[in-house]
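Each chain, letter by letter, is given below.
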Amino acid sequence: MDDLQQRILEIALQIPGYLGYEGKERRRDMDKFTRGTLSHKYDDLHAALARVRAKAPLDNAVDLENLDQKLLRLIARFETAPRGYAGWFDAAQIGDDDLDALTQFDAALASGVPQLKSAVDAIAAALKSKQGMDDAIGTCAETLDNLNSGFDEREQFLATGKKPAMSILPAQ
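Our subject in this report is the structure included herewith. (Residues numbered from 1 in each chain as written. Predicted model: local features only at pLDDT ≥ 70, side-chain atom pairs only at ≥ 80, totals over all residues. Heavy atoms only, no water.)

### Focus: the pattern of salt bridges
(1) Moving on: As enumerated under the stated definition, the model contains 6 salt bridges in all.
(2) Moving on: Arg-77 is the salt-bridge partner of Asp-152, the closest N and O atoms lying 2.5 Å from each other. You can see Asp-152 sitting in helix H6 (residues 133-160) and its partner Arg-77 sitting in helix H3 (residues 61-80), a full 75 residues away along the chain.
(3) Moving on: What makes Arg-77 buried here is its relative accessible area of 7%.
(4) Moving on: Between Lys-117 and Asp-121 there is a salt bridge whose closest N-O contact spans 2.9 Å. (Salt bridge = Lys/Arg side-chain N within 4 Å of Asp/Glu carboxyl O. Helix = DSSP H or I, 4+ residues; strand = E, 2+ residues; numbered from the N terminus. Buried < 20%, exposed > 50% of the residue type's maximum accessible area, 1.4 Å probe, protein only.)

### Some details on the packing of H3 against H6
(1) Moving on: At a minimum axis separation of 10 Å, H3 and H6 run at an interaxial angle of 25°. It follows from the interaxial angle that H3 and H6 lie roughly parallel. Relative to H6, the crossing made by H3 is left-handed. Across from Asp-63, Leu-64, Leu-67, Lys-70, Leu-71, Arg-73, Leu-74, Arg-77 and Phe-78 in H3, the residues of H6 making contact are Met-133, Ile-137, Cys-140, Ala-141, Leu-144, Asp-145, Leu-147, Asn-148, Phe-151, Asp-152 and Glu-155.
(2) Moving on: Of the residues in the contact of H3 with H6, the class split is 12 nonpolar, 1 polar and 7 charged. (Axes fitted to C-alpha atoms, helices over the stretch in contact; angles between N-to-C directions. Parallel < 35°, antiparallel > 145°, perpendicular 65-115°, else oblique. Left-handed = near helix turned anticlockwise from the far one by under 90°. Contact = heavy atoms within 4.5 Å. Nonpolar A, V, L, I, M, F, W, Y, C, P; charged D, E, K, R; others polar.)

### Some details on unusual backbone geometry
(1) Moving on: Non-glycine residue Lys-130 carries a positive phi angle of around 60°.
(2) Moving on: Assignment of secondary structure puts Lys-130 in the loop between helix H5 (112-129) and H6.

### Considering H3
(1) Moving on: For H3, with 20 residues, the first-to-last C-alpha span of 28 Å sits near the 28 Å given by 1.5 Å per residue.
(2) Moving on: Considered for burial, the residues of H3 that qualify are Leu-64, Leu-67, Asp-68, Leu-71, Leu-74, Ile-75, Arg-77 and Phe-78. (Expected span 1.5 Å × (residues − 1).)

### Details of the nonpolar core
(1) Moving on: Grouped together as the largest cluster of nonpolar side chains are 30 residues, with contacts concentrated most on Tyr-42, Leu-64, Leu-67, Leu-116, Ile-123, Met-133 and Cys-140.
(2) Moving on: Ranked by the residues each element gives to this core, the list is headed by H6, at 8 residues. (Core = buried A, V, L, I, M, F, W, Y, C linked by side-chain atoms within 4.5 Å.)

Shown next as structure tokens:
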């Protein structure tokens, strides 16, 4: 850090509330980074699902397209979700603890990555063996529904201040 930057930082630290503001910004940045990382992981699973869809018979085309749309919705939500900002006069105020809870909540959505990978792999195996395709698609759809429901809780928290239950996925 050069002298000018150091001097500006020293002046900024004398402003009341600046440290709290800076801490919130770091938490918001961490939340955005976590969601970006998860978006890439789910995007990789989307590519795997696309490979399965390309090999699937037309009988399953509609069901697999529905899975594709659910997964694309989840990915888009990761990429576009707000960073936990609340203005001075917003009904739901987002504090430091709330930002930490959001980061933990987003990180908990990472538990869906191996579960969704397993579900996509099960569809591929069912496609190969020509058995159990409907069950495999159903399991994958349920996993995606749970992940999207979890994201609904996140959005509700940011809109109303009601903390998410963090019950994103059933224990397996």
